[in-house]
Amino acid sequence: MTRLLALKAGSGQMVQMDTSKSGFVGSQVELRCVFINSNPPVKISQVTWQKLLNGTKQNVAIANPALGVSVLPPFKERVSFKHAAVRHRTPSLEDTTIVFSNLQLSDEAAYICEYTTFPAGNRENMVNLTVYARPMTRMTLTTPTIVARAQKRKMTVATCVSANGKPPSVIKWDTRLKGEATYQETRNQNGTVTVRSNYVVIPSRETHKQKLTCIVTYRNEKITDSVVLNVQYEPEVQIEGFDGNWYLNRQNVQLTCRADANPPVTIYQWKLLNGSLPSNVEIKNNTLFFKGPVTYDLAGTYVCDATNGIGTRTGIVDVNITETPVRSHDDTTHVPQEQHNAGVAIGGAVGGVALLGLAAILLFIFLRRRQRTFKGDYSTKKHVFGNGYSKAGGLPTHPPIPKNLQYPDDSDEEKKPAQIGTTGGFEAGDRDFDAESDLKRPYFTVDEGESRDYDERTLAFQYEPESEIADDMISQTDGSVISKKEWYV
């Protein structure tokens, strides 16, 4: 961005410069200064560059048409005028831009470009120079060898440093480790800042070979550095080989001592608690080979001690011997699957039988209800009993009773119908038959061809109470009865 200073005073001259400039330590930067002359032009007598720091001015370079160019210490080796015309015997001083080489932190200041003219007087402008210092970033392990101790104490495993930066850097960590970071800033005398961050973690077997990355952000730049932790730890021991199915006369059994350790295990030692190792055992490296068939002598608690450069750890396994084989894990999972399939099939069959039984029960109940509510004639042979009702046709309904009955006036006797006035009514004398002989006859059929003419009214005239109906008869809802025997014939 360019800032213009126009000093008119009736003339319109101005000194043109940038508002600010910046550069890194050791780099090169130009400070532009251009004089815009008026018309008619004024005479430039001299151009002076000055450093303004804390209110104090210090000459840097001077260009004079008569005396030539002069650069003052301590800038003499690092500051020069950009255009050669300024250094000519008859110099051109309209553009007096200077160049800073090998920029230093001490060069940071405000710089004034002042023009001395005749007869207009002095004209000047100013630029602010900022000097940045790129930090030196490094990441190191606190110690080449990190040892995991049983006390599980925290320790610094890595350090990330961004030194002598201006402005200061920002440090972050990227890792899967469950640790914590500490930060410290130190301001140096030259105006730079050193940032230090330590990563603290509890060393363990889990932290071994974990990647730890330091991310340094400086202005718009990101600088990353990574290390892989080398953690040494005692052996983690486990005994393999006993599957819970060591039975008598089984062949080729063995126990192996597995150990996860850094550095690797150098010594394996086997022993049997409360006794000595069986006579038929052979030790090779970290494995016990049991020769011959399995016997009860092999039972016991086996111990394996594994030792590396950090320490010794122990693995234990209890071996028991059974008389016969036990199901392996595969068998116990496979057999129930077959049993499950068989159970599904049996369950389906039982369910089908149950459904059929239920359907049969419902059908039986339905038929029973139809039997008890039967009102028709199944064309069975009608039997007429001696008391005057049919066997198949059933007991006809009683003559309808009129809704309004006539009772004699002033009668204390049991009230009886004086007259039945419906179409179903009749008088006892309408039909002549021998009631006594008819009652004594067990039964006879209409088809027997007897000469009497029986109708519904005659058959329903006399009957015994329902309680005297034969056991094989079924009373219907319409008052008739049907013989069980003939119903099912």
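It should be emphasised that the depicted structure is a prediction, and the values quoted were computed from it without experimental measurement. (Residues numbered from 1 in each chain as written. Predicted model: local features only at pLDDT ≥ 70, side-chain atom pairs only at ≥ 80, totals over all residues. Heavy atoms only, no water.)

Trainee: Please provide a residue-by-residue account of the overall build of the protein chain, values included.
Mentor: Looking only at helices and strands, the protein chain has four helices and 33 strands in total. With 489 residues in all, the protein chain has 33% of them scored as buried. The long-range fraction of contacts in the protein chain, counting pairs at least 24 apart against all pairs at least 6 apart in sequence, stands at 60%. Looking at the protein chain as shown, the accessible area adds up to about 30600 Å², and 50% of this sits on carbon and sulfur atoms. (Helix = DSSP H or I, 4+ residues; strand = E, 2+ residues; numbered from the N terminus. Buried < 20%, exposed > 50% of the residue type's maximum accessible area, 1.4 Å probe, protein only. Contact = heavy atoms within 4.5 Å. Areas by Shrake-Rupley, 256 points an atom, 1.4 Å probe, with all protein chains shown as cover.)

Trainee: Residues and numbers for a nonpolar patch on the surface, please.
Mentor: On the surface, L358, I361, L362, F364 and I365 cluster together into a nonpolar patch covering about 500 Å² of accessible area. Take I365: it is sitting in helix 1 (residues 329–372). (Patch = residues over 30% accessible without salt bridge, like charges linked within 9 Å, V, L, I, M, F, W, Y side chains within 5 Å. Salt bridge = Lys/Arg side-chain N within 4 Å of Asp/Glu carboxyl O.)

Trainee: Please provide a residue-by-residue account of the sheet that holds strand 21 (residues 231–240), values included.
Mentor: Pairing is mixed in the open sheet, where five strands are placed in the order 14-21-23-26-25. Taken across any chain shown, the strands that pair with only one partner, and hence form the sheet edges, are strand 14 (146–147) and strand 25 (281–284). Alignment of strand 21 against strand 23 (residues 253–262), held across six bridges, turns out to be antiparallel. Along strand 23, the bridge assignment pairs Q238 with R258. (Pairing = 2+ DSSP bridges.)

Trainee: Give a description of the side chain of N262 that names residues and reports values.
Mentor: You can see N262 is positioned in strand 23. Residue classification places N262 among the buried residues on the basis of a relative accessible area of 15%. At 3.2 Å, the side chain of N262 forms a polar contact with the side chain of N230. In this structure, N262 is in contact with H208, N230, V231, Q232, Y233, N308 and I310, ignoring residues within four places of it in sequence. (Polar contact = N/O pair within 3.5 Å; in protein donor to acceptor, adjacent residues only side chain to side chain.)

Trainee: Give me the pattern of salt bridges: which residues, what numbers.
Mentor: The full count for this structure, using the stated rule, is 15 salt bridges. Among the salt bridges present, the one from R134 reaches E221, with a minimum N-O distance of 2.5 Å. Here R134 is found in the loop between strand 12 (121–132) and strand 13 (136–141), whereas its partner E221 is found in strand 20 (residues 221–228), with 87 residues between them in sequence. For R134, a relative accessible area of 42% gives the class partly exposed. The salt bridge involving D243 is made with R250; its shortest N-O contact spans 3.3 Å. Via salt bridges that share partners, R205, E206, E236 and D260 belong to a single interconnected network.

Trainee: Account for the state of the cysteines, with residues named and values stated.
Mentor: Evaluated as defined, the whole model comprises three disulfides. Put simply, C33 and C113 are joined by a disulfide, and their sulfur atoms are 1.9 Å apart. Judged by the sign of its S-S torsion, about -85°, the cystine formed by C33 and C113 is left-handed. Residue C33 is located in the loop between strand 4 (29–31) and strand 5 (34–36), and its partner C113 is located in strand 11 (residues 109–118); the two are separated by 80 residues in the primary sequence. (Disulfide = S-S within 2.5 Å.)

Trainee: Can you lay out the sheet that holds strand 20 for me, pointing to particular residues and giving the numbers?
Mentor: Taking strand neighbours across the sheet as the criterion, the three strands line up as 16-19-20 in an open arrangement whose pairing is antiparallel. Here the strands that pair on one side only, and so sit at the sheet edges, are strand 16 (170–175) and strand 20. Strand-to-strand twist of the sheet, defined as the mean angle between neighbouring strand axes without regard to direction, takes the value 20°. In the sheet, strand 19 (residues 211–218) pairs with strand 20 via eight bridges, with the strands oriented antiparallel. Of the residues in strand 20, the one forming a bridge with C214 is D225. (Axes fitted to C-alpha atoms, helices over the stretch in contact; angles between N-to-C directions.)

All quantities given are derived from atomic positions and should not be read as evidence of function.
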